[in-house]
Amino acid sequence: MMTATSITNHAPYNHYSHFLRERYAGKRVYKIIVDAGFTCPNRDGNKGFGGCAYCNVDSFTPETRKLPSLQRQIEESAARARKNYKAEKFIVYFQPNTNTYADADTLKRIYDEALSVLPEDTVGLSVGTRPDCLDTEKVQLLQSYCHQGFFVDVEMGMESIYNNTLQQINRQCSHEDFVNAIDLLNETPVEVCVHTIFGLPGENRKMMLKYIDEINRLAKIRYIKFHHLHIVSGSILGVKYQREPFPLFSLEEYTDLLCEMLPRLRPDVVIQRLFGISDPEVLIAPKWNLKKSQIQNYIEGEIRRRNIVQGSGFINIV
Ligand code: SF4
């Protein structure tokens, strides 16, 4: 387990890029986002219609997407990453929509295809999904890639730990579903990345701080993506917000929240992202009017200025 002391050697928190460099012996590893054309059960009526209230449904609808083949997506993205970032190794990352929303045979065909494009340089498989779209057969399939030598992680939306909130945002999935999905993965080498959203309507700071206790309790969680709530056009919350605006985080308020959360967070959890990013063309609010790197620098600057260290206040309650 990484300790708070080893964290301070690099950064005051367990940074994903440092983690990747250590895991892959200094090689530059890049995540290639691929879109296999999956849809989502919270849109096609299987679980619900309209999607989660914060999700921009239009941007993903299959009819409007003319997808290049997986091979072309991977080859083109890898070529750009080699040129721009000197990337050497790749993690194939199925990101848009629900990437386990098909039967296990179909999933195997799709994952196999993606992993065979750059066999020498592909080191991992990352799959974004909903907690209610995993079962034993799919978990076994994911596990089979670990046995082939790939690092595999499932990126799952927890979003909130409160069922009231999950209902209000039309998630069509409970916190118990999330915990059950983690249980399915518990005895496997498949890793878990949790996706959270802070600032959902009806939640105060004290409630949000409790997310960290829950993440600490679920020892299977290896990675985290922190997001602040974004209101985007094409979403249910976008319509509601434009009718009646409600409070959203300023950069200063959000940074302050992160600075209170980080010391409480288990020191071994690797942070993949500290804040949300949306296409400026669809972002309605909050508009911080800064580039991604400026936001990152501001938050990291505050973390350092306040001497915040991930896990320094973590209490292991077994
Ligand atoms: S956020 Fe994910 S689960 Fe919710 S509607 Fe969008 S794609 Fe589906």
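Refer to the structure presented above.
Let us look at the structure shown here. Quick caveat, the model's predicted, so the values are computed rather than measured.

It is worth spelling out the overall build of the chain at this point. Looking only at helices and strands, the chain has eleven helices and nine strands in total. Whereas a compact globule of 318 residues would reach a radius of gyration of roughly 20 Å, the chain reaches 19 Å, a difference of no more than 12%. Across the 318 residues of the chain, 38% fall into the buried class. Partitioning the intrachain contacts of the chain with sequence separation of at least 6 by distance along the chain shows that 85% fall at a separation of at least 24.

Our focus in this paragraph is the nonpolar core. In terms of nonpolar packing, the biggest core is built from 75 residues, with Ile32, Val34 and Val92 touching the most fellow members. Dropping the residues within four chain positions of it, Ile32 is found in contact with Ile74, Ser77, Ala78, Phe90, Ile91, Val92 and Tyr93.

Two pairing modes exist for strands in a sheet, parallel and antiparallel, and in both the strands are linked by backbone hydrogen bonds. The seven strands lie next to each other as β1-β2-β3-β4-β5-β6-β8, forming an open sheet whose pairing is parallel. Lying at the two open borders of the sheet, with one neighbouring strand each, are β1 (29-34) and β8 (270-273). Put simply, the sheet's adjacent strands are angled 25° from each other on average, direction ignored. The pairing of strand β6 (residues 221-228) with β8 spans three bridges and is parallel. Residue pairing in the sheet places Ile224 in a bridge with Ile271 of β8. Contacts from helix α5 (residues 136-147) reach β3 (122-129) and β4 (151-159) within the one sheet, and its direction differs from that of β4 by about 140°.

Let us now look at the site of the ligand. The ligand sits among Cys40, Asn42, Arg43, Gly51, Cys52, Cys55, Asn97, Thr98 and Arg130. Of the residues contributing to the shell around the ligand, the split by class is three nonpolar, four polar and two charged.

Further remarks concern the environment of Ala78. Position of Ala78 relative to the elements: it lies in helix α3 (residues 70-85). Setting aside residues up to four positions removed in sequence, Ala78 forms contacts with Ile32, Phe90 and Leu118.

Note: most peptide bonds trans; most residues except glycine with negative phi. Cis geometry is found at the peptide bond from Ala285 to Pro286, where omega equals -5°. As for its position among the elements, Pro286 is in the loop between β9 (283-285) and α11 (292-305). Even without a glycine there, the phi angle at Ala25 is positive, about 50°. Along the chain, Ala25 falls in the loop between α2 (16-23) and β1.

Mapped onto the elements, His195 comes out in strand β5 (residues 191-198). On the neighbour-count criterion, His195 (18 C-beta atoms within 10 Å) is partly exposed. Between the C-alpha atom of His195 and that of Tyr223, which follows or precedes it by 28 residues, the distance is 8.8 Å. For His195, the residues in contact, after removing those within four places along its chain, are Glu155, Met156, Gly157, Met158, Glu159, Lys225 and His227.

It is worth spelling out the packing of helix α10 (residues 251-261) against α11 at this point. Running from amino to carboxyl end, α10 crosses α11 at an angle of 45°, the nearest separation of the two axes being 10 Å. For the element pair α10 / α11, the angle class is oblique. Viewed along their axes, α10 and α11 form a crossing whose handedness is right-handed. The segment α10 lies against α11, with Leu251, Thr255, Leu258 and Cys259 engaging Ile295, Tyr298, Ile299, Glu302 and Ile303. Split by residue class, the contact of α10 with α11 holds seven nonpolar, one polar and one charged.

Cut-off values and rules
- In this numbering scheme, every chain counts its residues from 1 along its sequence in written order.
- Under the rules for a predicted model, residues below a pLDDT of 70 receive no local features and side-chain atom pairs below 80 are neither given nor counted, while totals for whole chains, interfaces and linings still include all residues.
- Counting from the N terminus, the helices are the DSSP runs of H or I reaching at least four residues and the strands are the DSSP runs of E reaching at least two.
- In this treatment the radius of gyration is a C-alpha quantity, and the globule benchmark scales as 2.2 Å times the residue count to the 0.38 power.
- Exposure classification rests on a simple neighbour count of other C-beta atoms within 10 Å of a residue's own: a residue reaching 20 or more is buried, one at 12 or fewer is exposed, and one in between is partly exposed. C-beta atoms are placed from the backbone.
- It is the C-beta atoms, placed from the backbone, that decide contacts: two residues are in contact if theirs lie within 7 Å.
- We define a nonpolar core as a collection of buried residues of the types Ala, Val, Leu, Ile, Met, Phe, Trp, Tyr and Cys that are connected via C-beta atoms lying within 7 Å of each other.
- Only when DSSP finds a minimum of two bridges between them are two strands counted as paired.
- A fitted line through C-alpha atoms serves as each axis, taken over the contacting stretch for helices, and the angle formed by two N-to-C directions is quoted from 0 to 180°.
- Whether a residue is near a molecule or strand depends on its C-beta atom, placed from the backbone, lying within 6 Å of it.
- For this scheme, ten residues count as nonpolar: Ala, Val, Leu, Ile, Met, Phe, Trp, Tyr, Cys and Pro. Four count as charged, namely Asp, Glu, Lys and Arg, and the remainder, Gly too, count as polar.
- We call two directions roughly parallel when the angle between them is under 35 degrees, roughly antiparallel when it is over 145, roughly perpendicular when it lies between 65 and 115, and oblique otherwise.
- It is the rotation of the near helix from the far one that decides the hand of a crossing: anticlockwise by less than a right angle makes it left-handed, clockwise makes it right-handed.

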